Amino acid sequence: MTIARYTLIAAAVLGLAACGKQEPAQSDAAASAPAASATAAAGGASGDTVTVKIGHAAPLTGNIAHLGKDNEDGVKLAIDEINAAGGADIGGKKVKFEMDSEDDQADPKTATTVAQRFVDEKVVGVIGHLNSGTTIPASKIYSDAGIPQISPSATAVAYTAQGFKTAFRVMANDAQQGKVLGEYAVQKLGAKKIAIVDDRTAYGQGLADEFEKAAKAAGGDIVKREFTTNQETDFNAILTSIKGTKPDLIFYGGMDAQAAPLKKQAHKLGISAKVMGGDGTQTPELIKLAGDDSEGMVSSSPGQPKDQLPGGKEFLDKFKKTFGQEVQLYAPYCYDAVKVMVEAMKKAGSTEPAKYLPELAKIDYQGVTGPITFDEKGDIKNGAITIYTVKGGKWEVLEIVGGAAAK
């Protein structure tokens, strides 16, 4: 299997505006590898500008490549911005950053190969992966090597439940998101009979499980539970089976590439039930793929609405000016993940993972997505969840649940 590799040396850009448990044992050799590389990278005489690598991993090919590219661009924007300002002041030196971007193809096996490559190439930190199903297996490799990892988009509870001290995420997890979705479906949308379909990935199934628990607790009746894959586009058999149960709502656990045809085919079969999904479906791409049939889709997304983020408008304008397109979904979280990682390096006075990791764990940073602090597991504290619906071909906010106030 070929891994498409994108390595970008971030340069100054003219015109650019200034995601108590025991940690697994690790060998001395593995733990020292990234530290040694960072020390070498940060060598040179006082006043020299040095360069270190930050890894980024996401699906850059396949049916959700639009989301992977969105993530990559968020990382690129942050790194270019730091470099354009002359680099970061870390330990008395000017440090510039290079993005080493890899295509994990949304495949767990490929993700572990990518993770090992990052270790071998001695990156000082990793932003990624995008999917929970890739983030979780890769996290063990980063933990063993002592390399800090911040996922901007992996929401599965299992990611940070492993107890790896190197694992962090900058958005709310599926336990929080699933609870809000399940309660909203029953209490606000009035759904009594609910069918659930998931793509059997760590993300899709995990979110569907959390949704089911919350919906049942709120008084909903799960009349059907089906599953598919994250490559399927024909849902007629599943939907025909579901139609006979006459559900008020169909919940889909998965990404927009499947949710869009599912929504279209449900309409074609005359199913009047509302269709609901999580953050993987709350994208401009879903509206593009489903067209008029996207109308009425209900989805959630961790975080505040993009245009209501503390630094949202400025970020969105800058992103569009730089890349010529709108943010798809997770780019602001990727941008913040880079800034948080670099801020921890500044506080530690070092790019060595072992030295800046403790600072990352206790970071208190005001990002464009809001205040960022982590709990003992590496989950962001006080993460908001926003519920949206498609109306008139656009996503509109229905409700915002939770979240920390901007400082």
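Look a little higher up for the structure.
Predicted model, so just to flag it, every value in this text is computed and none were measured.

Novice: How should the overall build of the protein chain be read in this particular structure?
Specialist: Broken down by element type, the protein chain carries 13 helices and 16 strands. Accessible surface computed for the protein chain: about 15600 Å², of which carbon and sulfur atoms make up 51%.

Novice: I tried to follow helix α3 (residues 108–120) on my own but got confused; where do I start?
Specialist: Note that an α-helix has 3.6 residues per turn; residues three or four places apart therefore point the same way. Look at α3: 19 Å from first C-alpha to last across 13 residues, which is about the 18 Å you get at 1.5 Å a residue. Contact partners of the buried residues in α3: β2 (49–58), β4 (93–103), β5 (126–128) and α4 (132–145). Among the residues trailing α3, Lys122 stands out with phi positive, at a value near 60°.

Novice: Explain the pattern of salt bridges to me, please; I cannot follow it from the model alone.
Specialist: Oppositely charged side chains can pair when the atoms bearing their charge come close. Overall, the coordinates contain 23 salt bridges when judged by the stated rule. The closest approach of N and O atoms between Lys318 and Glu81, which form a salt bridge, is 2.6 Å. One end of the pair, Lys318, is in helix α11 (residues 312–323); the other, Glu81, is in helix α2 (residues 65–84), and 237 residues separate them in sequence. For Glu81, a relative accessible area of 9% translates into the label buried. Residues Lys320 and Glu326 are paired through a salt bridge, measuring 2.9 Å at the closest nitrogen-oxygen approach. For Lys320, a relative accessible area of 43% translates into the label partly exposed. Judged by its relative accessible area of 45%, Glu326 falls in the partly exposed class. Via salt bridges that share partners, Asp198, Arg200, Asp209, Glu212, Lys216 and Arg225 belong to a single interconnected network.

Novice: It is not clear to me how the pairing of strand β10 (residues 249–253) should be interpreted in this structure. Could you clarify?
Specialist: The side chains of a regular strand alternate between both faces of the sheet. Buried residues dominate β10, accounting for 5 of its 5 residues. Of the two faces of β10, both are covered, the one formed by Leu249, Phe251 and Gly253 as well as the one formed by Ile250 and Tyr252. In the sheet, β10 pairs with strand β11 (residues 274–277) via 4 bridges, with the strands oriented parallel. Residue Tyr252 lies in a different strand from β11, and its bridge partner there is Gly277. Crossover handedness for the path β10 to helix α9 (residues 256–268) to β11: right-handed.

Novice: Would you mind going over the nonpolar core with me for this structure?
Specialist: If you look at the biggest cluster of nonpolar residues, it comprises 72 residues, and the most contacted ones within it are Phe97, Ile150, Ile194, Phe211, Phe251, Met276 and Phe315. Counting residues per element, this core draws most heavily on helix α12 (residues 331–348), at 11 residues. Those residues within four positions of Ile150 in sequence are excluded, and the remaining contacts are Val126, Ile127, Gly128, Phe168, Val170, Ala337, Val340, Met341 and Leu360. Among the nonpolar cores identified, the runner-up in size contains 22 residues, and Val197, Ile242, Tyr252 and Ala259 belong to it.

Novice: Even after reading the chapter, I still don't get the side chain of Thr134, so can you show me in this structure?
Specialist: With respect to the helices, strands and loops of the structure, Thr134 is situated in helix α4. We classify Thr134 as buried; its relative accessible area is 0%. A polar atom in the side chain of Thr134 sits 2.9 Å from the backbone oxygen of Asn131. Contact partners of Thr134, with chain neighbours within four places excluded, come to Asp104, Ala106, Asp107, Pro108, Ala111 and His129.

Novice: Got a minute to help me understand the pairing of strand β15 (residues 385–391) in this structure?
Specialist: Within β15, 6 of the 7 residues are buried, leaving the element largely enclosed by the surrounding structure. By the bridge criterion, 7 bridges tie β15 to strand β16 (residues 394–401) in an arrangement that is antiparallel. Residue pairing in the sheet places Lys391 in a bridge with Lys394 of β16. In this antiparallel pair of consecutive strands, β15 and β16, the connection spans 2 residues, and Gly392 shows a positive phi of 65°.

Novice: I keep staring at the environment of Met276 and nothing clicks. Help me out?
Specialist: Tracing the backbone shows Met276 in strand β11. Judged by relative accessible area, Met276 falls into the buried class, the value being 0%. The contact partners of Met276, leaving out residues within four places of it in the chain, are Leu181, Tyr184, Ala185, Leu189, Phe211, Leu249, Ile250, Phe251, Tyr252, Met297 and Val298.

Novice: Whenever I open this one, the sheet that holds β11 confuses me. Can you help?
Specialist: Hydrogen bonds between backbone groups are what pair the strands of a sheet, and the pairing can be parallel or antiparallel. Across the sheet, which stays open at both edges, the 7 strands sit in the order β9-β8-β10-β11-β12-β15-β16 with mixed pairing between neighbours. Each edge of the open sheet is held by one strand with a lone partner, namely β9 (221–227) and β16. Going across the sheet, the axis of each strand differs from the next one's by a mean of 25°, ignoring polarity. Note: strand β12 (residues 298–302) against β15, 5 bridges, orientation antiparallel. Among the inter-strand pairings, Ser300 is bridged to a residue of β15, identified as Ile387.

Criteria and cut-off values
- Along each chain, residue indices are assigned from 1 in the same order as the chain's sequence is written.
- Two thresholds apply to this predicted model, a pLDDT of at least 70 for residue-level local features and 80 or more for giving and counting side-chain atom pairs, whereas whole-chain, interface and lining totals are computed over all residues.
- To get the side-chain values, all heavy atoms of the structure are used, and hydrogens and water are removed first.
- Here a helix means four or more residues in a row that DSSP labels H or I, a strand means two or more in a row labelled E, and each is numbered from the N terminus.
- For the accessible areas, the method is Shrake-Rupley and the probe is 1.4 Å, while residue cover comes only from the protein chains on display.
- Expected span, for any helix, means 1.5 Å times one less than how many residues it has.
- Residues are treated as being in contact if the distance between any of their heavy atoms lies within 4.5 Å.
- Put simply, a salt bridge is a Lys or Arg side-chain nitrogen that is within 4 Å of an Asp or Glu carboxyl oxygen.
- Working definition: with a 1.4 Å probe on protein chains only, accessible area under 20% of the residue-type maximum means buried, over 50% means exposed, and in between means partly exposed.
- Only strands that DSSP links by at least two bridges are regarded as paired with each other.
- Convention used here: a crossover is right-handed provided that the path from the first strand, over the helix, to the second strand proceeds clockwise when the strands point away from the viewer.
- Within this scheme, the nonpolar core is defined by two criteria: the residues are buried Ala, Val, Leu, Ile, Met, Phe, Trp, Tyr or Cys, and they are joined through side-chain atoms within 4.5 Å.
- Any pair of nitrogen or oxygen atoms within 3.5 Å is treated as a polar contact; in protein, a donor-acceptor pairing is required on top of that, and neighbouring residues in sequence qualify only through side-chain atoms on both sides.
- For helices, the fitted line uses only the C-alpha atoms of the stretch in contact; every axis is such a line through C-alpha atoms, and the angle between N-to-C directions lies from 0 to 180 degrees.

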